[in-house]
Amino acid sequence: MAGVSECFNIGSVVACKTCYEKEIEGEVLAFDPQTKMLILKCPASSGRPSRNDVHMVNLSMVSDVQVKREATAPLEPPQSLNLQRLNTRVRNQIEEKKRLVTALAAGVSPEGQKLFLTITKTINEATWQGPNIVVWNTVTISPPYTAENVKGATDSKAYLHIRKVVEKHTKDMAAAEASSRLSGASSPIAQQQTSSSPGPVTSTQPTLQQQAATN
């Protein structure tokens, strides 16, 4: 390794070559002098200007380290994180994973899992009781998870709302399946198979007997 600085200022532009002979150049986001770990923000490999690639570089495994431009402008203070929102998101993700694991353990069909995901997009209070979906502790949806399988107080707002959700989900799934079948039937492979299928062939050419009679 050659020319490794004791410190890299955040915002500086640094270039280096890895042990795999790959050249990396980018803006310094962070640097840990104890572990010699450098984090660089580089232009996106996808070419999208709104994106960036972030590389974590172990300076013990690079060579030809160069500071192309030192940061001179004062750095803006980083935005504060909303820890409460982050913790809530983590808890929600954990609960969702637990519910999915419970569904898999109960042997729930793919249709039931899809309906459950549809419900939990807008309603958090949905759980599994065996293969049954329970919403708000008042509405139960049993296999095969159609509107007719929604059980609860039929005059309650919760029941009516969940029944509408199930009906819409069923229609959306049916439309998606029909669209998939239609696109499969219209594919070139399907058309080729249809055209090459055996069947009666009607010829428009005159037969030899007809030609002889005409002559």
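Now for a quick tour of the structure. Here the structure is a predicted model, which means the values were calculated and not measured.

### Considering the environment of Glu-25
- Note that Glu-25 resides in strand 2 (residues 23–32).
- Glu-25 sits in the partly exposed class, given a relative accessible area of 42%.
- Counting along the chain gives 16 residues from Glu-25 to Lys-41, while the straight-line C-alpha distance between them is 8.3 Å.
- Glu-25 has contacts with Val-13, Val-14, Ala-15, Cys-42, Pro-43 and Lys-68, leaving out every residue within four places of it along the chain.

### Observations regarding the sheet that holds strand 9 (residues 150–151)
- As summarised here, the arrangement of the four strands in space is 6-7-8-9, forming an open sheet in which the pairing is antiparallel. This sheet does not close on itself; its edge strands, each paired only once, are strand 6 (126–129) and strand 9.
- In this sheet, strand 8 (residues 139–141) lies alongside strand 7 (residues 132–135) in antiparallel orientation, the contact comprising three bridges. The residue of strand 8 that forms the bridge with Val-135 is Val-139.
- The strands touched by helix 2 (residues 110–120) are strand 6, strand 7 and strand 8; relative to strand 6, the strand with the most contacts, the crossing angle is about 155 degrees.

### Focus on the packing of helix 1 (residues 83–105) against helix 2
- Axis separation between helix 1 and helix 2 bottoms out at 11 Å; the angle between their running directions is 160 degrees. Classed by the angle they form, the pair helix 1 and helix 2 counts as roughly antiparallel. Every pair of crossing elements has a handedness; the one defined by helix 1 and helix 2 is right-handed. Side by side, helix 1 and helix 2 meet where Glu-96, Arg-99, Leu-100 and Leu-104 of the first sit next to Gln-113, Phe-116, Leu-117 and Thr-120 of the second.
- Looking at side-chain class alone, the contact of helix 1 with helix 2 contains four nonpolar, two polar and two charged residues.

### Some thoughts on the side chain of Thr-18
- Structurally, the position occupied by Thr-18 is in strand 1 (residues 13–18).
- The contacts of Thr-18, once residues within four sequence positions are left out, are Ile-24, Met-61 and Val-62.

### Here's the deal with the pattern of salt bridges
- Per the counting criterion, the structure on display carries six salt bridges.
- The partner of Glu-27 in a salt bridge is Lys-41, with the nearest N and O atoms 3.8 Å apart. Of the two residues, Glu-27 is situated in strand 2 and Lys-41 in strand 3 (residues 37–43); the sequence distance between them amounts to 14 residues.
- Classification of Glu-27 as partly exposed rests on a relative accessible area of 31%.
- Judged by relative accessible area, Lys-41 falls into the partly exposed class, the value being 29%.
- One salt bridge in this structure joins Glu-177 and Arg-181, with 3.2 Å as the shortest N-O distance. Residue Glu-177 and its partner Arg-181 are both found in helix 3 (residues 157–185); the two are separated by four residues, about one turn of the helix.

### So, the layout of surface pockets
- By volume, the largest pocket amounts to about 230 Å³.
- In terms of lining, the largest pocket is formed by Pro-110, Glu-111, Lys-114, Leu-115, Pro-144, Tyr-145, Thr-146, His-169, Thr-170, Met-173, Ala-174 and Glu-177.
- Mapped by element, the contributors of at least two residues to the lining of the largest pocket are helix 2 and helix 3.
- Here the lining of the largest pocket gets five residues from one element, more than from any other, and that element is helix 3.
- Residue classes in the lining of the largest pocket are distributed as six nonpolar, three polar and three charged.

### Description of helix 2
- Three or more residues of helix 2 are buried, namely Gly-112, Leu-115, Phe-116, Ile-119 and Thr-120. An end-on view of helix 2 places all buried positions within 130 degrees of arc, on one side of the element.

Here is what the cut-offs are and how they apply
Residues numbered from 1 in each chain as written. Predicted model: local features only at pLDDT ≥ 70, side-chain atom pairs only at ≥ 80, totals over all residues. Heavy atoms only, no water. Helix = DSSP H or I, 4+ residues; strand = E, 2+ residues; numbered from the N terminus. Buried < 20%, exposed > 50% of the residue type's maximum accessible area, 1.4 Å probe, protein only. Contact = heavy atoms within 4.5 Å. Pairing = 2+ DSSP bridges. Axes fitted to C-alpha atoms, helices over the stretch in contact; angles between N-to-C directions. Parallel < 35°, antiparallel > 145°, perpendicular 65-115°, else oblique. Left-handed = near helix turned anticlockwise from the far one by under 90°. Nonpolar A, V, L, I, M, F, W, Y, C, P; charged D, E, K, R; others polar. Salt bridge = Lys/Arg side-chain N within 4 Å of Asp/Glu carboxyl O. 1 Å grid on protein atoms, 1.4 Å probe; cavity = no way out; pocket = protein on both sides within 12 Å on 5 of 7 lines; lining within 4 Å. Points joined across faces, edges and corners; volume = space filled by probe spheres on them. Arc of directions from axis to C-beta.

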